[in-house]
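Spelled out, the chains give:
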Amino acid sequence: MASFITFEGIEGSGKSTQIQRLGKTLESLGHQVLLTREPGGCAIADQIRGILLHPENAAMVPRAELLLYAAARAQHVEEIVKPALTAGKIVLCDRFTDATLAYQGFGRGLDAALIKQLNRLAAGNHSPDLTLLFDLPVEIGLGRALQREAEQQDVSEGRFERETLEFHQRIRAGYQQLAAADPQRFRIINAAQTVAQIADRVKQVTCDYLHERVKK
Ligand code: TMP
C-alpha cells in the first residue's frame, strides 16, 4: 500500500543515514520503496539545491529562499513523489514541507500561513502519512555536521551550517512544536542514541505504522 513517510530534524541529526537503513530494511521485508530527498530528488530540483545551499549565496533574502524551496518541491512532487505513490510504493523522503515551516518559518521568521499556502501549492494534496522527527541537542547535531563537512572537505552545501546557534535552536523548538500539534502523524526519535539504537526505533515505529495502516 502506498505510504508517504518523511524524515525531519536539525543538521547532524543522522536522518540521512537512517533513511538508507530503513529503505534496505523495508525492501528486505518485501516492500517496494523509493528513497528521495528535498531540496532535490530530480535533476531540476538538484540544480535549485545547488543554489540554495552554496555558501557563496549568503546574500539570498528569506523570501527568495522560500520560493526556491517551493519551486524545487513542485518539480520533485510532480516528477518523483506522485508517480511513486501512484505505483503503490512506500516513499521515504529526507525532509519535506515541515522543513520549510521549521527553517523559513521558525528560523527565518517568515509568516507561517504564507508558508502553508506555498506548501500546498508546491505539494498539491501530497502530505506525509508519517513523519519521523530526529530530535537531539543542537550542539551535538551541529558538531556532527561540521565534522562531516571537514572530513569530506566539501563546503558546497554549508550555508545553513554557518548560521548561529540561536537559529538552529529556533528550528529545533519549531520542529518540536509542529510535532506536538500533530501527534497522529509525528513520531519523535531520540537522535542522541547510537546509530544502531536509532535504527531499531525507526524500524519499530515504521513497522507499527504500516501494520496499523493495513488494518484500517
Ligand atoms: P539536508 O542537510 O537535510 O540535505 O537539507 C539541506 C538544507 O536545506 C538544510 O539545512 C535544511 C534546509 N531546508 C530548508 O531550509 N527548507 C526546506 O524546505 C528544506 C526541504 C530544507
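Everything below is about the structure printed above this text.
The present account deals with the structure reproduced in this document.

The rules we used
- Throughout this document, residue positions are counted from 1 along each chain, in the order its sequence is written.
- Local features in a predicted model are, by the rule used here, given only for residues with pLDDT of at least 70; side-chain atom pairs are given and counted only at 80 or more, and totals for whole chains, interfaces and linings are based on all residues.
- In computing side-chain properties, one takes all heavy atoms of the structure into account and sets aside hydrogens as well as water.
- Counting from the N terminus, the helices are DSSP H or I runs at least four residues long and the strands are E runs at least two residues long.
- Exposure is judged per residue with a 1.4 Å probe applied to protein chains only, and the accessible area is read against the type maximum: over 50% gives exposed, under 20% gives buried, and values in between give partly exposed.
- The contact definition used throughout considers only heavy atoms, calling two residues in contact when any of these lie within 4.5 Å.
- The pairing criterion is simple: DSSP has to find at least two bridges between the two strands.
- For helices, the fitted axis covers only the stretch in contact; all axes are lines through C-alpha atoms, and the angles between them, taken along N-to-C directions, range from 0 to 180 degrees.
- Among buried residues, the Ala, Val, Leu, Ile, Met, Phe, Trp, Tyr and Cys ones that are joined through side-chain atoms within 4.5 Å form a nonpolar core.
- What counts as a salt bridge is simple: a side-chain nitrogen of Lys or Arg found within 4 Å of a carboxyl oxygen of Asp or Glu.

Let us look at the environment of Ile90. Along the chain, Ile90 falls in strand β3 (residues 90-94). Note on Ile90: relative accessible area 2%, which makes it buried. On a C-alpha basis, the gap between Ile90 and Gln32 in space is 6.2 Å, while along the polypeptide they are 58 residues apart. Setting aside its immediate chain neighbours within four residues, Ile90 contacts Met1, Ser3, Ile5, Leu26, His31, Gln32, Val33, Leu34 and Leu210.

Spatial ordering of the open sheet is given by β2-β3-β1-β4-β5, a layout of five strands whose pairing is parallel. Edge strands, defined here as strands with exactly one partner in the open sheet, are β2 (33-37) and β5 (186-190). On average, adjacent strands in this sheet sit at an angle of 20 degrees to one another, irrespective of strand direction. Strand direction decides the pairing type here: strand β1 (residues 3-9) and β3, joined by five bridges, are parallel. Within the sheet, the bridge partner assigned to Ile5 lies in β3 and is Leu92. Helix α4 (residues 97-107) rests against β1, β4 (130-135) and β5 of the sheet, and its axis sits at about 25 degrees to β1.

Counting residues in each nonpolar core, the largest one holds 48 residues, and the members touching the most others are Phe7, Leu92, Tyr103, Leu132, Phe134, Tyr175 and Val202. Not counting residues within four places of it along the chain, the set of residues in contact with Tyr175 comprises Glu8, Gly9, Ile10, Arg95, Asp98, Ala99, Ala102, Tyr103 and Leu133. Among the nonpolar cores identified, the runner-up in size contains nine residues, and Phe4, Ala84, Leu85 and Ala123 belong to it.

This part is about the side chain of His168. Structurally, the position occupied by His168 is in helix α7 (residues 165-181). With a relative accessible area of 1%, His168 lands in the buried category. Excluding anything up to four places from it in sequence, His168 contacts Ile10, Glu11, Val138, Leu142, Phe160, Glu161 and Glu163.

What follows covers the pattern of salt bridges. Per the counting criterion, the structure on display carries 11 salt bridges. Note that Glu163 and Arg108 form a salt bridge whose closest N and O atoms lie 2.9 Å from each other. Pair noted here: Glu163 is in the loop between α6 (138-152) and α7 and Arg108 is in the loop between α4 and α5 (112-123), with a separation of 55 residues, a long-range link. On the accessibility criterion, Arg108 (22% relative accessible area) is partly exposed. Through salt bridges with shared partners, one network takes in Glu65, Arg108 and Glu163.

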